[in-house]
Amino acid sequence: MYNDTMANLIQKQKHFYRSGATRPYEYRLRQLKKLRDVLVTYEKQVIEALKKDLNKSEFEAYSTEIGIVYEELSFTIKHLRSWMAPRKAKTALTHFGSKGRIIPEPYGTTLIIAPWNYPFQLAVSPLIGALAAGNTVVMKPSELTPVMSALLSEMLGSIYEEEYIAVVEGGPDVSQELLAQPVDYIFFTGSVNVGKIVMQAAAKQLIPLTLELGGKSPCIVHADAPLKLTAQRIVFGKFTNAGQTCIAPDYLLVHRSVKNELIAYIQESIKEFYGPDPLSNPSYGRIVSEKHFQRLASFLQDGTVASGGKTAPDHLTIEPTMLDQVTWNMPVMQEEIFGPILPIIEYDRIQEAIDMINDRPKPLALYLFTREPEIEETVVGSVSYGGGCINDTLMHIATPYLPFGGVGESGMGAYHGQGSFDTFTHYKSVLKQTNLFDFTFRYPSSKNGLKYLRKLLKP
């Protein structure tokens, strides 16, 4: 599907949107329920597609992709009516006699560009928000997960006409063609480098957008942390999906006094989760492509391997690996890792850890393990990041009550729960003025207008 066809698709969606069909509550609710039903029907195929594309186990597929989407759908269906309701707004004394309203309205035709690392969840979650807000959607899944891409096309095509929801498959050339179209909103999840390209394309047409990017998300382990539990939660957060998670702990900042003990507990947890030989574990995830595998394998030369380090090139798998004696000028610390490699850097005072983070671009996530409320408040109050957890990893993304998004280089905008509805909604302000009387002092012909204005609008 190329430029002319895509232009026709966008025009077809705009025409359908302008018909007003997507605006009523009943229509939106019906479409969300249709989506829920088709996801249940295709659940087995979704699990199979994730296995073929990324070697995800059924447990990981359900816990990190399918279950999160179900929760998002249920939450949205439950709260949709209240989110859609216009809100009354107070008016100033100068507007006596008038009434103010804030009306949620859809943007119109939206474009969702989904990534490959969670190809189901990160495509369908924003779709839920776009539908709830009353938009039409063109979805572009990742070509790096072709089985899931084809399944999304089949699944959504079975319940929606393309004038409402369309899935467009293809590579970067297709994405570029879509970005050239006059859509009304863009939602992109992916790398920082591609995010810059998307933002440039949006800027040419002044299209509003959300960017869900990534970056080097730190994990601080302070001296007082419960180390065995901390290790389990770090291993869970880092090595789920073979580390190919935008909010995975990218590196550890560990208090010098507990580093060796923490390493031992992490080794123990890796063995407990993935067995003595993770490369032979059929449930352990693989790297998405040869290119990404080679990039990650090159990082194994940095620092000293404290655990793991083996690779299986034929299967595109890399052991859960810890790197000690790492410095900031090494290649592994120059970009987001996005794989099962965990560098370790020591610190003595918490301010050292804070300074190391603040000297670099703002991360998408931050994790802190400590029992001390003062340390918690110091870190949360001193570091800017998208979101994160105290004494856990990843779990802040799994609740519809917390908006999820980045800041600075890690992205802009947020979604999940009402945040998804808000992201795909324009809040339109309307002031209704009375005709029963008029304040003539606001007109330039008023003799004492300035005097009254000074009384009403004073410092």
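Definitions and limits used
- Residues numbered from 1 in each chain as written.
- Predicted model: local features only at pLDDT ≥ 70, side-chain atom pairs only at ≥ 80, totals over all residues.
- Heavy atoms only, no water.
- UniProt positions renumbered as here; feature names shortened; annotations may be inferred.
- Helix = DSSP H or I, 4+ residues; strand = E, 2+ residues; numbered from the N terminus.
- Pairing = 2+ DSSP bridges.
- Axes fitted to C-alpha atoms, helices over the stretch in contact; angles between N-to-C directions.
- Phe/Tyr/Trp six-rings, centres within 6.5 Å; stacked < 30°, edge-to-face > 60°.
- Buried < 20%, exposed > 50% of the residue type's maximum accessible area, 1.4 Å probe, protein only.
- Lys NZ or Arg CZ within 6 Å of the ring centre and 35° of its normal.
- Salt bridge = Lys/Arg side-chain N within 4 Å of Asp/Glu carboxyl O.
- Disulfide = S-S within 2.5 Å.
- Parallel < 35°, antiparallel > 145°, perpendicular 65-115°, else oblique.
- Left-handed = near helix turned anticlockwise from the far one by under 90°.
- Contact = heavy atoms within 4.5 Å.
- Nonpolar A, V, L, I, M, F, W, Y, C, P; charged D, E, K, R; others polar.

Engineer: Sorry, what's going on with the UniProt feature "domain: Aldehyde dehydrogenase" (unreviewed entry) in the protein here?
Structural biologist: UniProt tags residues 17-430 as "domain: Aldehyde dehydrogenase" (unreviewed entry). End C-alpha to end C-alpha, residues 17-430 measures 22 Å, and it is 41% helix and 20% strand.

Engineer: Help me out: how do you make sense of the sheet that holds strand S2 (residues 99-106) in this one?
Structural biologist: Within the open sheet, the three strands sit side by side as S1-S2-S20. Their pairing is antiparallel. What marks the edges here is a single partner per strand, and that holds for strand S1 (87-89) and strand S20 (425-432). Here the strands of the sheet are splayed against their neighbours by 30° on average, with no regard to which way each runs. Note that S1 and S2 share three bridges and pair antiparallel. Directly across from Arg87, in S2, lies its bridge partner Ile102.

Engineer: Please clarify how the packing of aromatic side chains should be interpreted in this entry.
Structural biologist: Evaluation of the coordinates by the stated rule reveals 20 aromatic pairs. Where Phe187 meets Phe424, the ring centres are 5.6 Å apart and the plane angle is 25°; that geometry is what we call stacked. Separated by 237 residues along the polypeptide, Phe187 in strand S6 (residues 185-189) and Phe424 in the loop between helix H14 (418-423) and S20 bring together distant segments of the chain. Accessibility expressed as a relative area gives 0% for Phe187, which makes it buried. Using a relative accessible area of 0% as the deciding quantity, one classes Phe424 as buried. Where Phe437 meets Phe439, the ring centres are 5.8 Å apart and the plane angle is 80°; that geometry is what we call edge-to-face. Taking relative accessible area as the criterion, Phe439 reaches 27% and is therefore assigned partly exposed. Among the aromatic side chains, those forming a connected cluster through ring pairs are Tyr107, Tyr185, Phe187, Phe404, Tyr415 and Phe424. Above the ring of Trp328, the side-chain terminus of Arg360 is found at 3.5 Å from the ring centroid.

Engineer: Looking at this structure, how should I read the pattern of salt bridges?
Structural biologist: Side chains carrying opposite charge are able to pair once their charged atoms draw close together. This model, assessed by the stated rule, comprises 13 salt bridges. Measuring nitrogen to oxygen at the nearest pair gives 2.7 Å for the salt bridge that ties Lys428 to Glu105. Of the two residues, Lys428 sits in strand S20 while Glu105 sits in strand S2, which places them 323 residues apart along the sequence. By relative accessible area, which is 33% here, Lys428 ends up partly exposed.

Engineer: Even after reading the chapter, I still don't get the state of the cysteines, so can you show me in this structure?
Structural biologist: Linking two cysteines covalently through their sulfur atoms gives a disulfide. Counted according to the given criterion, the structure contains zero disulfides. Of all cysteine sulfurs in the structure, the one in Cys389 sits closest to Cys219, which takes part in no disulfide; the separation is 9.8 Å. Note on Cys219: relative accessible area 0%, which makes it buried. In this structure Cys246 is a free cysteine whose sulfur lies 13 Å from that of Cys389, the closest cysteine sulfur available.

Engineer: Before we go on, may I ask you to explain the packing of helix H9 (residues 227-239) against helix H10 (residues 259-274) in this structure?
Structural biologist: Axis separation between H9 and H10 bottoms out at 8 Å; the angle between their running directions is 55°. The pairing of H9 with H10 is recorded here as oblique in orientation. For the pair H9 and H10, the crossing hand works out as right-handed. Listed contacts from H10 to Leu227, Lys228, Thr230, Ala231, Gln232, Ile234, Val235, Phe236 and Phe239 of H9 are Glu261, Leu262, Tyr265, Ile266, Glu268, Ser269, Ile270, Glu272, Phe273 and Tyr274. In the contact of H9 with H10, the residues fall into twelve nonpolar, three polar and four charged.

Engineer: Would you explain the UniProt feature "active site" (unreviewed entry) in the protein in this entry?
Structural biologist: If you check UniProt for "active site" (unreviewed entry), the listed places come out as Glu212 in our numbering. Within the secondary structure, Glu212 is located in strand S7 (residues 209-212). Setting aside residues no more than four positions away along its own chain, Glu212 makes contact with Phe187, Phe188, Thr189, Gly190, Phe404, Gly405, Gly406, Ser410, Gly413, Ala414 and Tyr415.

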